[in-house]
Amino acid sequence: MAAEDANGNQTPGNEPEDNLDPQSQQAGSSGEGAQPAPEGGAEGDALSQAEEILNTAGAEAPAAAGSPEAAELRNDLLRLQAEYVNYRRRVERDRDVAREMAVVGMLNSILPVLDDIEAARKHGDLEEGPFASISVKLENTLKGYGLSRIDETGVEFDPNIHEALIQQQSPDVTFDTVTQILRTGYRANERVLRAAQVIVSVPEQ
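Cut-offs and rules
- Residues numbered from 1 in each chain as written.
- Predicted model: local features only at pLDDT ≥ 70, side-chain atom pairs only at ≥ 80, totals over all residues.
- Heavy atoms only, no water.
- Helix = DSSP H or I, 4+ residues; strand = E, 2+ residues; numbered from the N terminus.
- Contact = heavy atoms within 4.5 Å.
- Areas by Shrake-Rupley, 256 points an atom, 1.4 Å probe, with all protein chains shown as cover.
- Patch = residues over 30% accessible without salt bridge, like charges linked within 9 Å, V, L, I, M, F, W, Y side chains within 5 Å.
- Salt bridge = Lys/Arg side-chain N within 4 Å of Asp/Glu carboxyl O.
- Buried < 20%, exposed > 50% of the residue type's maximum accessible area, 1.4 Å probe, protein only.
- pLDDT = per-residue confidence, 0-100.

Some details on the overall build of the chain
Secondary structure summary: the chain contains four helices and eight strands in total. In the chain, the succession of helices and strands from N to C terminus is β-β-α-α-α-α-β-β-β-β-β-β. By sequence separation, contacts in the chain at least 24 residues apart represent 60% of the contacts at least 6 residues apart. Summed over its atoms, the accessible surface of the chain is roughly 15,800 Å², and 51% of this surface lies on carbon and sulfur atoms.

Description of a nonpolar patch on the surface
A cluster of nonpolar residues, L165, I166 and L182, forms a patch on the protein surface that exposes about 240 Å² of accessible area. What makes L182 partly exposed here is its relative accessible area of 36%.

Remarks on the confidence of the model for the chain
For the chain, mean pLDDT is 77; residues scoring 70 or higher make up 68% of the total. Here residues 57–63 is a poorly scored stretch, pLDDT under 50, and it has zero contacts once near neighbours within four places are set aside; other chains count.

Examining the pattern of salt bridges
Taken as a whole and judged by the stated rule, the model has eight salt bridges. When the shortest N-O distance is used, the salt bridge between R149 and E118 registers 3.3 Å. With R149 in strand β3 (residues 147–150) and E118 in helix α3 (residues 68–122), this residue pair connects regions lying 31 residues apart in the sequence. Classification of R149 by relative accessible area gives partly exposed; the value is 37%. The salt bridge partner of R149 is D151, with a shortest N-O separation of 3.0 Å.

Next up, the structure:
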């Protein structure tokens, strides 16, 4: 209310608090005791939703993993994986066999050529000259495919790699011994391509 001075005139005084501006009252009421607004806005809400989804999925994951459907899917996956491993091994094994058979077929087809080279060498036709170097290069190339000769003498007769064409008794041996090679045998690694035709000496009775 306005106060009166000595002459009875009214002077402005302090206005009552009820007449304050509503916005000022609201601003005054938001002092130290007011709660701050959440930071982040829409980003904070999205983060909260994401955390809630992750928590829900984490809580449901053990139950889903132990369900019959999950166990069946896991067994199907393991079975398919085992079938694939077996299939890959079988394919690799078949590929190796096919490659080996192709090499064996090529070596078998060239054995007559090697027989001619050996015969020419025994007759002295390959002591020098270009054909001698060609034959050596061919034989060295075939060695790279695992080809080796069966032509040792003085060894024990082995029916797996030797074919005895002649057998004769001898007082100089104590076991069946290869004494002469009539035709050279060949093998490709561990596979015998052709047994060596030999003369075998056996102990006297």
